[in-house]
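# Observations on chain architecture
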Amino acid sequence: MTKKSVQSVMNERTLLAGLNHPFVVNMHYAFQDRETLYLVMDLMPGGDLRYHIGCKKKFSEIQASISHLSLEFFIACIILGLEYLHGRHIIHRDIKPENLVLDAKGYLRITDLGIARTYKLANSTDTSGTPGYMCTNTPLMQLLKYCAGRTTNTYRIILQSE
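Residues numbered from 1 in each chain as written. Predicted model: local features only at pLDDT ≥ 70, side-chain atom pairs only at ≥ 80, totals over all residues. Heavy atoms only, no water.

## Details of the pattern of salt bridges
The condition is simple: By definition, a salt bridge exists where a carboxyl oxygen of Asp or Glu is found within 4 Å of a side-chain nitrogen of Lys or Arg. Secondary structure is summarised from DSSP: a helix means a run of H or I of at least four residues, a strand means a run of E of at least two, and numbering begins at the N terminus for each. Accessible area is worked out with a 1.4 Å probe on protein chains only. A residue is then buried under 20% of its type maximum, exposed over 50%, and partly exposed in between.
Overall, the coordinates contain four salt bridges when judged by the stated rule. Between E98 and R50 there is a salt bridge, and its shortest N-O distance comes to 3.5 Å. Residue E98 is found in the loop between β3 (90-91) and β4 (100-102), and its partner R50 is found in helix α2 (residues 49-55); the two are separated by 48 residues along the sequence. A residue is classified by how much of its surface remains accessible, and R50, at 51% relative accessible area, is exposed. Between K96 and D94 there is a salt bridge whose closest N-O contact spans 3.7 Å. Relative accessible area serves as the criterion here: at 9%, D94 is assigned to the buried category. Connected through shared salt-bridge partners, D42, D103 and R109 make up one network.

Below, the structure written as structure tokens:
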């Protein structure tokens, strides 16, 4: 395991230790032996969003209207999870379908805080994430600074304008 990988795992463990929210995958325990760190997390039997998107490549008209409602519900789950993280000055930096998982009740939760960071002025210009999912026209920090302290309506406007 590379030094960067160890750093990522330890960063995630540290961040998860201070979190508890219904729209974030929570860590309940962490322990280790000489070679492995074990994280006991919430069970997410619904799979990730990428899997579900892949299963529904073509939609009928009825499925499309149901999917529109599901999309609004999923966006609300993501916004509530991100608001919680941002309220604790945590920037996820890798939101993508693979990092959005469904619990047993169908609620979408944010997972994988491996490259997440606590926002500080010193790291305000850092960029990181999965290249295919990174925003191309707006630096993440400018968007987060704009959204800081605003209501969910701000997020809604941003999502609708994209």
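## Details of unusual backbone geometry
Of note, the phi angle at H89 is positive, near 60°, even though the residue is not glycine. Positive phi, close to 65°, is recorded for D112, a residue that is not glycine. Following the sequence through the fold, D112 ends up in the loop between β5 (108-110) and β6 (117-118). Exposure remark for D112: the relative accessible area of 29% places this residue in the partly exposed category.

## Quick look at the pairing of strand β2 (residues 37-41)
As a reminder of what qualifies: Two strands are said to pair when DSSP picks up at least two bridges between them.
Examined bridge by bridge, strand β1 (residues 27-32) and β2 share five bridges and lie antiparallel to one another. From the neighbouring strand, F31 faces β2, where its bridge partner is Y38. Joining the antiparallel neighbours β1 and β2 is a turn of four residues.

## Digging into the packing of aromatic side chains
The line we're drawing: Only Phe, Tyr and Trp rings take part, Trp by its six-membered ring, and two of them pair if their centres are within 6.5 Å. Stacked means planes under 30 degrees apart, edge-to-face means over 60, and tilted covers everything else.
One pass over the full model with this rule turns up four aromatic pairs. Geometrically, the ring pair formed by F23 and Y107 is tilted, given 6.0 Å between the ring centres and 50° between the ring planes. In this pair, F23 is assigned in the loop between α1 (3-17) and β1 and Y107 in the loop between β4 and β5, connecting sequence segments 84 residues apart. Following the ring pairs from residue to residue traces out a cluster consisting of F23, F73, F74 and Y107.

## Quick notes on α1
Residue pairs spaced three or four apart in an α-helix point in one direction, given the helix's 3.6 residues per turn. Selection criterion: One less than the number of residues in a helix, times 1.5 Å, gives the span that helix is expected to have. Here, two residues are considered to be in contact whenever any of their heavy atoms come within 4.5 Å of each other.
With 15 residues, α1 should reach 21 Å at 1.5 Å per residue; the first-to-last C-alpha distance of 21 Å fits that figure. Buried residues along α1 sit against β1, β2, β3 and β6.

## Some points on the nonpolar core
Inclusion rule: Buried residues of nine kinds, namely Ala, Val, Leu, Ile, Met, Phe, Trp, Tyr and Cys, make up a nonpolar core once their side-chain atoms join them within 4.5 Å.
One finds L19, L85, I90, L100, L108 and L113 to be the most contacted residues of the largest nonpolar core, which totals 20 residues. Among the secondary structure elements, those contributing two or more residues to this core are α1, α3 (61-87), β4 and β5. Beyond its immediate sequence surroundings of up to four residues, L113 is in contact with N11, E12, L15, L16, L19, L85 and H92.

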